[in-house]
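Fold and contact review
If you want the building blocks of each chain, they are given just below.
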Amino acid sequence: MKITDVPFCTIDWSEISATQHPGIEGYAYWRTFEMGNIRVRMVEYTPGYIADHWCNRGHVLLVLEGELYTELSDGRKFKLTPGVSYQVADDANPHRSYTYTGAKLFIVD
C-alpha cells in the first residue's frame, strides 16, 4: 500500500458521525475518514449482521471487540477475535463478513 496526499493528521473518532449500512440481516455503522487515496473506518456490526455483498476491495482489518467471521468466495471461513487482523489485496479473494455477537473493527483501505 502506498499512501499518497495524506499529511500527518489525527482523528477523534467520537467526533465523526456514523452512517448506517444495512446487511442481509442487521446493520453496519461506519465512522469514515477519507483523504488522498485511503479510507479509514471504525465499523460496528450489530449482533446477527450478515454482509449483503461479496467485497473485492483490499483491506487491512483489525477486530477490536466481539467476533467476526469472514468467508471467502472459495468457501474458506475464518473466525477473528479481538487483536486478530486480516489483510487482502484488491481483487485477490472476494470476501464477506458476518457476526453472531456483534463486532467493532478498524479498517484501512
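The shown structure was predicted, so the numbers you read here are calculated from the model rather than taken from an experiment.

1. Thoughts on the packing of aromatic side chains
Throughout the structure, instances matching the rule amount to six aromatic pairs. Summarising the aromatic geometry, the rings of Tyr45 and Tyr49 are spaced 4.1 Å apart at their centres and angled 15° between planes, so their arrangement reads as stacked. Judged on exposure class, the residue Tyr45 and its partner Tyr49 are both buried. An aromatic cluster of three or more residues is present, and its members are Tyr69, Tyr98 and Tyr100. Between the NZ or CZ atom of Arg41 and the centre of the ring of Trp30, over which it lies, the distance is 4.3 Å.

2. Looking at the sheet that holds strand β9 (residues 103-108)
On the basis of which strands lie adjacent, the open sheet formed by six strands has the order β1-β2-β3-β9-β4-β7 and antiparallel pairing. Of all strands in the sheet, those bounded by a partner on one side alone are β1 (19-22) and β7 (85-88). Sheet twist, expressed as the mean angle between neighbouring strand axes with direction ignored, is 25°. Bridge count between β1 and strand β2 (residues 27-35): four bridges; the pairing is antiparallel. Opposite Thr19, over in β2, you have Trp30 as the bridge partner.

3. As for the layout of surface pockets
A probe matching the size of a water molecule, rolled over the atoms, marks out where space remains unfilled. Approximately 300 Å³ is the volume found for the largest pocket. Together, 19 residues line the largest pocket, and Trp30, Arg41, Tyr45, His53 and Cys55 are the ones closest to its centre. Residues that form the lining of the largest pocket fall into these classes: 10 nonpolar, five polar and four charged.

4. So, the sheet that holds strand β5 (residues 68-72)
As summarised here, the arrangement of the three strands in space is β6-β5-β8, forming an open sheet in which the pairing is antiparallel. Both outer strands of the open sheet, β6 (77-80) and β8 (95-98), are each paired with one neighbouring strand and no more. Adjacent strand axes in the sheet meet at a mean angle of 25°, parallel and antiparallel pairs treated alike. As judged from the four bridges shared by β5 and β6, these two strands associate in the antiparallel manner. Counterpart to Leu68 in the pairing with β6 is Leu80.

What counts as what
- Residues numbered from 1 in each chain as written.
- Predicted model: local features only at pLDDT ≥ 70, side-chain atom pairs only at ≥ 80, totals over all residues.
- Heavy atoms only, no water.
- Phe/Tyr/Trp six-rings, centres within 6.5 Å; stacked < 30°, edge-to-face > 60°.
- Buried < 20%, exposed > 50% of the residue type's maximum accessible area, 1.4 Å probe, protein only.
- Lys NZ or Arg CZ within 6 Å of the ring centre and 35° of its normal.
- Pairing = 2+ DSSP bridges.
- Helix = DSSP H or I, 4+ residues; strand = E, 2+ residues; numbered from the N terminus.
- Axes fitted to C-alpha atoms, helices over the stretch in contact; angles between N-to-C directions.
- 1 Å grid on protein atoms, 1.4 Å probe; cavity = no way out; pocket = protein on both sides within 12 Å on 5 of 7 lines; lining within 4 Å.
- Points joined across faces, edges and corners; volume = space filled by probe spheres on them.
- Nonpolar A, V, L, I, M, F, W, Y, C, P; charged D, E, K, R; others polar.

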